[in-house]
Amino acid sequence: MDKSSVVPGSSKRRSLLLLAPVMVSVLVASPALAQAEPSDTQSADNADSVGAPHNPNTIVVTAQRREQNPQDIGVAITTLGGEALASLGVTGSTDIDSQVPNLVIDPIAGSGTQPVVFLRGVGLNDFSLNNSGPVGLYFDDIYLSSFSSQNFLLFDLQRVEVLRGPQGTLYGKNTTGGAINYISNLPTDYFDGYVQGSIAEFGGYEIEGAVGGPIAEGVNARVAVARHFADGFFVNELTDTRSNGTDLWALRAFVELEPSPDARVLVRFRADINDTPFSQYERYEAIDPTTGGVCSTDQSLAGQCVDALGYRDTTERFRGNFNREESIDREVYGLSIKGEFALGGVDLTSITSYEEGQNLLPEDSDGSPLQLLAITVGAKTDTFTQELRLSGETDRLNWIIGGYYLDERTRQDQTADLFRELRPLVSSLAPMTNPGGFDPFGTVLGAPVSFTRHTNQQDSQSLAVFGRVEFALSDQLTVIGGLRYTKEEREFHSKVVFEEPTFSLPLYEADLDYSDDDISGNLAINYQPNPDLLLYASYSKGFKSGGFNGGFLFHAEELGPFESEQLHAYEAGAKWSLPGYLGYLNLASFYYDYSDLQVFTLVNTGSVPATVLDNAADAEIYGAEAELFLNPVDNLNATFSLGYLESELVDFVSAGVSQAGNRLPRTPKITFSGAVSYKADLSEQFFLKPSVNFTYTDHHFFLTENQPLAAQDSYWMVNGELALGSDQGWQLVGFVRNLFDVEYNVNINDLSDLGFYQIVVGVPRTFGVRARMDF
């Protein structure tokens, strides 16, 4: 939104105008809906389509901690089934945004790195491994608080649930923007499984499979494994090696015990191992070689500029010259125990989890053959969580109360190597400026030359209690209310030293602590005039705790703490199941009053870029969403989603520069997606199933500063599949991703202090084949 469009008092009027179209559309539809009669038949082939099945009653979600039909929930939720995820080409936790309105997920530094998640404009760009974003990620009911654990393979998955809007009651802190639930296939009391393999361009192959069933009376188990590998599409011309691929292993194992009809215990083990070569960067240079000044945007895009060492990359896209080639070293292991017990009308749920992970990310930060900047980010994390819930229901009342505890230890060890290319020159000049030897603070032509090690130790505890009730005032009208109290405590120790092979020199050492508490929750009303129509309106408050800047800092005062953020959300929507089970139409509009939001900026100081994590005073977000699923004839499924989003930083000053009026990063105004598939029966046993899906992403900025060079123009992405299958359980699929070979970027960082912008590129067109056998 342009700054000039902000008018005092206009915010609430805009929110009312946004809510009006939703209410008008459903009121117009109500008379026809009242006469619609549900069908008792449903094609099983539709049960795994994108978004939802033909008959919404066949979908069950646990987004509100109990089994429900999503069309009966007054929350904006998108559900993607396991088969739909495969058809969309989704293989990792960062790929699910293609069919969800107003959701953007990007790996911050390329394949295998932590995801940056923005949902309805709410997210955090921070790459430090001691922080968490404001969109909560949950894997089989376990909150993934550590960035190290949030990028993982998706396989043998039952579904993904994306809840848009603050989820401050049942999910708690760090769900200011929403929550994403990844849900595995669980053990069954019958033998089943699958095996699947694929090959693709750029040396890619994937092998995965699962098997499960009863192993003893009252004991069921399931084991799923996956191996994904690709050499990658990026070529280092210095060594003729490839990168920007994958090298991943994953394992999930479940044992389910049912000692009695009133008790069930699920034990889950998870392992994810990532040895992917670190993705290489493209870049824009930013220094005019003739004047030494800053290049214009057009000059940089035309390749007419150089970096601080005078280097210009003249290679084609997806090619470069890189002096550093190392691999990610990430290992994540998790163990959890979930117990469910029926206690005479009251249900008790206990979830205990422990996860440990290590993450080492060594990058050639400057994307060149010269040693200008090389960063290594590393962290080890241990997380313990415990949740207890009691729930029950009567004819008109459904209630849940509970408590949650989290204890997390994070140990960061990261290095920044700056201007190493100039070390020999500094060393030769050192006797003239420092007779005692090498000067670790040495400069050449004003360029600082240093190798620094940044170590941080963070201990965090979070304790929460919560409660939620739904009360049916009548058969058609239900009111919902919930509250959650959260107490946060955090201790932070930080140390920075200049290091050389023969000595080290401390820069600073600091011990800090932070504590805060907050109340979040929601109040909502659902009105269901008939079984096919739900109207809802809600107010929700989201909360994300404050903390410390774990980036590359050279002054102790930059550590923070930054304060907690709050979001007040107003939403209205409608969910309409079309007559005759032709599909559904879901509409939502929302207005967010966002205060003290945590904002990450990379500030260029004229010497060395500084990472700043601070609170903006205020921001405003509003928008609307529509999701349409259609099954007009047997075996034809079509789904479409549309997101509209406006965002603005109302009041924020970073490093003395006002960012007021800027759009929030990664918030395209329009997102539009769709998927269409048709199953044609060739005979009684064989079928042919073509499918196509697409995504449109509008122009957006990657950084808070809204620089033209740190932006992505609007683009379309189209994928397709052609499957030949049999009712005996096998399929052979040919697929293409990025059919029209669109060039796009997923992240850009402004390092213009060093003379360049760092670019993480998207994947080019990729062809492949996949085979699968279910048993």
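Our subject is the structure listed above.
Conventions and cut-offs
- Residues numbered from 1 in each chain as written.
- Predicted model: local features only at pLDDT ≥ 70, side-chain atom pairs only at ≥ 80, totals over all residues.
- Heavy atoms only, no water.
- Helix = DSSP H or I, 4+ residues; strand = E, 2+ residues; numbered from the N terminus.
- Buried < 20%, exposed > 50% of the residue type's maximum accessible area, 1.4 Å probe, protein only.
- Contact = heavy atoms within 4.5 Å.
- Areas by Shrake-Rupley, 256 points an atom, 1.4 Å probe, with all protein chains shown as cover.
- Pairing = 2+ DSSP bridges.
- Disulfide = S-S within 2.5 Å.
- Phe/Tyr/Trp six-rings, centres within 6.5 Å; stacked < 30°, edge-to-face > 60°.
- Axes fitted to C-alpha atoms, helices over the stretch in contact; angles between N-to-C directions.
- Salt bridge = Lys/Arg side-chain N within 4 Å of Asp/Glu carboxyl O.

Draft legend 1. Examining the overall build of the chain more closely. Helices and strands together make up the secondary structure of the chain, namely four helices and 44 strands. Split into buried and exposed, the 775 residues of the chain put 58% on the buried side. In the chain, once contacts between residues fewer than 6 apart in sequence are set aside, the share between residues at least 24 apart is 68%. Carbon and sulfur atoms make up 58% of the accessible area of the chain, which amounts to about 30,300 Å² in all.

Draft legend 2. Layout of the pairing of strand β24 (residues 477-500). Pairing analysis gives 21 bridges linking strand β23 (residues 450-472) to β24, with the strands arranged antiparallel. Each residue of the ladder has a partner; that of serine 462, found in β24, is glutamate 488. The turn linking β23 back onto β24 is made up of four residues. Direction of pairing for β24 relative to strand β25 (residues 503-530): antiparallel, over a ladder of 24 bridges. Pairing of glycine 481 across the sheet is with leucine 523, part of β25. Hairpin connection between β24 and β25: a loop of two residues separates the two successive antiparallel strands.

Draft legend 3. View of the state of the cysteines. One pass over the full model with this rule turns up one disulfide. The residue that forms a disulfide with cysteine 295 is cysteine 305, at a sulfur-sulfur distance of 2.1 Å. Disulfide cysteine 295 to cysteine 305: torsion about the S-S bond roughly -125 degrees, handedness left-handed. A residue pair is termed long-range when its members are at least 10 positions apart, and cysteine 295 in the loop between β15 (282-285) and α3 (297-301) and cysteine 305 in the loop between α3 and β16 (319-320) qualify at ten residues. We note that cysteine 295, like cysteine 305, is buried.

Draft legend 4. Representation of the packing of aromatic side chains within the structure. Under the definition given, this model contains 26 aromatic pairs. Ring centres 5.6 Å apart and planes at 75 degrees place the aromatic pair phenylalanine 127 and phenylalanine 600 in the edge-to-face group. Here phenylalanine 127 is found in the loop between β3 (115-119) and β4 (135-139), whereas its partner phenylalanine 600 is found in strand β29 (residues 598-603), with 473 residues between them in sequence. Assessed through its relative accessible area of 7%, phenylalanine 600 is described here as buried. With a centroid separation of 5.0 Å and an interplanar angle of 75 degrees, the aromatic rings of phenylalanine 152 and tyrosine 182 are classed as edge-to-face.

Draft legend 5. Focus on the sheet that holds strand β42 (residues 745-751). Taken in spatial order, the three strands make up an open sheet running β15-β43-β42, and their pairing is antiparallel. Because the sheet does not close on itself, it has two edges, and the strands there are β15 and β42. Within the sheet, the average angular offset between the axes of one strand and its neighbour, ignoring direction, is 20 degrees. As judged from the four bridges shared by β15 and strand β43 (residues 756-761), these two strands associate in the antiparallel manner. For arginine 283, the partnering residue across the bridge sits in β43 and is glutamine 758.

Draft legend 6. Looking closely at the pairing of β29. Within β29, six of the six residues are buried, which leaves the element mostly enclosed by the surrounding structure. Relative to strand β30 (residues 610-615), β29 runs antiparallel, the two being bridged by six bridges. Note that in β30 the partner of phenylalanine 600 across the bridge is leucine 613. Connecting β29 to the antiparallel partner β30 that follows it, the hairpin turn spans six residues, and glycine 606 within it adopts a positive phi of roughly 90 degrees.

Draft legend 7. Local environment of the pattern of salt bridges. The final tally for this structure, using the stated rule, is 38 salt bridges. Residue aspartate 459 pairs with arginine 411 through a salt bridge whose shortest N-O separation is 3.2 Å. With a gap of 48 residues between them, aspartate 459 in strand β23 and arginine 411 in strand β20 (residues 397-418) connect regions that are remote in the sequence. For the salt bridge of lysine 669 with glutamate 646, the shortest nitrogen-to-oxygen distance reads 3.4 Å. Linking lysine 669 in the loop between β34 (657-658) and β35 (670-678) with glutamate 646 in strand β32 (residues 636-651), this pair joins segments that are 23 residues apart in sequence. Among the residues examined, glutamate 646 registers a relative accessible area of 7% and is labelled buried. Connected via shared salt-bridge partners are Arg120, Arg164, Glu571, Glu625 and Glu627.

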